[in-house]
Amino acid sequence: MARNDAVLIDGIIDDRIQSKRPSDSRDEAFEFFAVEQVLKDVDLAEEQLISGLIDGRGDGGIDAVYILVNGHLLTEVEEFTWPRAGAELAIHLVSCKHHETFRQATIDAMLATLSELLDFSVPEERLSGAYSENLLQMRRNFEFAYRRLSPRLRQFSVDIHYVSRGDTSSIGKEVLARGNQVERLFLEFFGSCRASFHFIGSSELVELHRKVPSYCLELQFVSQLARGERYVVLCRLSDYHRFVTDGAQLRRYLFDSNVRDFMGLTRTNEDIRETLRNSASPDFWWLNNGVTILATSASIVGNSIQISDVQIVNGLQTTESIFRHFEAGGTQEDDRCVLVKIVVSQDIAVRDAIIRATNNQGAVELSSLHATDRIQRDIEEVFLQQGMAYERRKNYYLNQGYAKEQLVTPTYLAAGSVALLLRMIHKAPALKSKFMRNQRAYELVFSSMVPLTVWPAIARILKRVDDCLETLRPGGRGTERFLKERRYLVSYLLLARFAGSFVLTSKHFQAFNVEDITEERVGQILEFVRHHNDEIRACWSSRPLLLEVCRLYGLELSLKDFQALAHAPTYFPFEETVRPVVITDDFLERVRNTLPAQPWKPGLHRRLLSDLSCSLAELSTAIDTLVENGEVLRQKNGVLYDLEGAVVAFDEERVDPVTLELRE
């Protein structure tokens with residue numbers, strides 16, 4: 001280790017502490033910095049990194065856990081899009097210690113925990129250790145993912161990272177042996193997995209910190225056609241593979257504007273794989289639609305094209321398949337080519353239109369396209385005008401060097417809207433991005449009726465309250481949870497006090513001065529809640545108890561319109577869930593034999609419900625099953641899609657062949 005690497009790391013941590021990223025605690029700042037560097041190639045947003053932190057009492061010597069399926073973070077098993085085949089499962093465990101050495105006790109604690117938690121035959125209630133709920137939830141997610149993916153698991157890897165400020169060149173033999181023991185432990189429980197234990201010290205952290213994503217890349221080609229700032233090139237598969245990889249890692253950050261995740265070995269991806277495997281097949285680009293790249297500038301130099309601000313907006317399935325082909329031993333001498341289209345534009349509206357157009361040719365959920373919505377672009381623009389950055393595209397401004405206090409994510413802003421505009425304070429702490437999958441919920445939260453200047457005002461209020469809470473919070477861990485539980489109620493009561501009413505209007509947000517949010521006033525509200533704790537058992541996320549806190553606070557300050565708060569909505573549209581429907585093989589066969597040829601005409605479901613004497617939920621479940629099995633095509637508004645999302649056919653009597661929209 002270079003002598004000054006530890007000094008350099010301390011300087012970085014000092015800056016993190018000053019900006020409270022994530023807090024002014026040195027241990028927490030080092031922990032988050034370490035996790036951020038270790039998982040840099042995975043390209044997770046800050047909220048995703050925070051979601052994996054489990055450090056605290058009952059953590060079993062493990063500070064963070066991340067479960068990745070096909071490169072995508074698993075947080076909620078019910079909401080995750082599971083691959084149908086060709087799945088890759090990756091587990092990252094991180095232990096961070098702000099020590100100047102690597103200590104055996106740290107690994108011993110981890111060994112004791114893993115020896116018990118990795119044995120899925122032991123039910124949770126029979127575990128002997130005292131484990132936190134966060135750690136147990138990670139175990140549940142891991143077990144669920146492993147069981148769910150087992151029939152189609154192509155690759156399973158476990159990476160254990162022990163991070164400190166130590167020198168990896170002077171680790172004791174006993175400590176190294178303990179690391180090897182952790183690897184063997186995973187192999188004992190999962191014979192097919194690849195387990196690796198990594199010691200990461202100051203030198204490695206410095207090297208990782210200096211590594212930044214490169215969006216300006218060079219692509220070699222064998223042929224090209226250019227017209228203005230539009231390019232079409234044919235490049236060898238091996239050259240394209242080098243273009244999208246950094247070492248052995250796929251540059252996943254290049255796909256932030258591609259709304260589809262890799263779906264595993266679907267029928268289309270299976271065909272791509274077989275074509276790649278067969279070197280005697282027709283040239284690859286004859287059989288594949290190719291890739292579309294969006295850039296801010298491009299220039300041809302010899303037999304290569306220099307591309308700035310690369311974003312692959314269409315072709316994720318093709319790219320992943322090519323990456324996996326070479327990862328599995330594909331030859332670099334392969335002369336077959338892939339077609340790449342490059343569109344240059346610096347106009348944000350035009351870029352968003354291209355992203356929407358290239359991703360809207362299949363059956364993609366509207367929720368995946370919200371980043372390009374007019375309201376999202378307008379919010380981004382007004383934030384920039386006021387010196388803030390709205391991350392409607394993951395890590396876009398973070399990668400440009402914006403400070404944490406300037407950055408606001410859609411989920412953070414949405415939770416503020418839920419609490420302060422919709423007056424559903426109890427829902428804000430648990431709000432997750434999945435609400436955007438429901439159009440009604442999305443339009444309710446990001447209402448076009450809200451003046452644009454209100455959005456940065458909400459963000460500033462929440463961030464100022466966070467700063468005060470950070471100072472006032474008791475010692476210990478759980479920073480983000482502590483903030484989430486308190487920031488919304490505290491912010492709402494501060495604004496209600498300013499407005500003299502529980503009904504907050506846009507004028508209140510625009511007139512409110514965030515400098516009036518002081519540690520003293522925030523502390524007074526916290527003390528008010530504590531004072532009434534024994535009387536009403538105040539809970540930060542219970543609607544009845546929160547209403548009681550607000551009622552008492554309103555009585556003390558003579559605030560008006562409490563009934564408006566009491567009669568506010570109590571749930572989101574996305575919470576209107578339906579119990580899973582179980583169908584028999586016999587019923588599925590009856591549906592299979594009753595369905596006519598596609599495309600189906602409007603009103604078909606009414607006849608089927610009568611003929612089959614079933615419920616709409618049973619019929620829908622059966623048809624979804626047939627779609628997943630590849631027996632019928634997914635149909636929406638007269639258009640038929642394959643499992644990849646590509647348009648296969650359409651009802652010529654009902655659908656316009658150019659726009660693929662229903663005829664008026």
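On a predicted model such as this, the values are computed, not experimentally measured, just so you know.

> Residue-level account of the pattern of salt bridges, with values.
Taken as a whole and assessed by the stated rule, the structure comprises 25 salt bridges. We note a salt bridge from Glu631 to Arg592, for which the minimum N-O separation is 2.5 Å. Taken together, the residues span a long stretch of sequence, with Glu631 in the loop between α25 (616–628) and β18 (634–636) and Arg592 in helix α23 (residues 585–594) at a distance of 39 residues. By relative accessible area, which is 29% here, Arg592 ends up partly exposed. Measuring nitrogen to oxygen at the nearest pair gives 3.2 Å for the salt bridge that ties Asp611 to Arg607. A residue pair is termed a helical-turn pair when its members lie 3 or 4 positions apart in one helix, as Asp611 and Arg607 do in helix α24 (residues 604–612) at four residues.

> Please give an account of the sheet that holds strand β6 (residues 217–220) that cites residues and values.
Overall, antiparallel pairing links the three strands, which are arranged β6-β13-β12 in an open sheet. Either end of the sheet is taken by a strand with one partner, and the two such strands are β6 and β12 (297–301). On average, each strand axis in the sheet is inclined to that of its neighbour by 20°, with strand direction left out of account. Where β12 lies against strand β13 (residues 304–308), five bridges are found, and the strand directions are antiparallel. Bridge pairing in β13 places Ser299 opposite Gln306.

> Requested: an account of the packing of helix α1 (residues 5–18) against helix α7 (residues 202–210), with residues and values cited.
Their axes nearest at 8 Å, the elements α1 and α7 cross at an angle of 55°. Looking at the two axes, α1 sits oblique to α7. Pair α1 / α7 crosses with left-handed handedness. Touching Asp5, Ala6, Leu8, Ile9 and Ile12 of α1 are Ser202, Ser203, Leu205, Val206, His209 and Arg210, all from α7.

> Please provide a residue-by-residue account of α25, values included.
Under the 1.5 Å per step criterion, the end-to-end length of α25 is 18 Å for 13 residues, consistent within 8% with the ideal 18 Å. Inspection of α25 places Leu619, Ala622, Ile623, Leu626 and Val627 among the buried residues, and these make up the whole buried set. Mapping the buried residues of α25 onto a view down its axis gives an arc of 140°, with all of them on the same face. Looking at the buried residues of α25, the elements they touch are α23, α24 and β18. Immediately beyond the C-terminal end of α25, within one or two residues, lies Gly630, with a positive phi of roughly 80°.

> Tell me about α7, and name the residues and values.
When we look at burial in α7, the residues that qualify are Ser202, Ser203, Leu205 and Val206. For α7, the arc enclosing every buried residue in end-on projection is 165°, short of the 170-degree limit, so these residues lie on one face. As for α7, its buried residues are in contact with α1, α2 (26–38), β4 (153–163) and β5 (194–200).

Rules of the game
- Residues numbered from 1 in each chain as written.
- Predicted model: local features only at pLDDT ≥ 70, side-chain atom pairs only at ≥ 80, totals over all residues.
- Heavy atoms only, no water.
- Salt bridge = Lys/Arg side-chain N within 4 Å of Asp/Glu carboxyl O.
- Helix = DSSP H or I, 4+ residues; strand = E, 2+ residues; numbered from the N terminus.
- Buried < 20%, exposed > 50% of the residue type's maximum accessible area, 1.4 Å probe, protein only.
- Pairing = 2+ DSSP bridges.
- Axes fitted to C-alpha atoms, helices over the stretch in contact; angles between N-to-C directions.
- Parallel < 35°, antiparallel > 145°, perpendicular 65-115°, else oblique.
- Left-handed = near helix turned anticlockwise from the far one by under 90°.
- Contact = heavy atoms within 4.5 Å.
- Expected span 1.5 Å × (residues − 1).
- Arc of directions from axis to C-beta.

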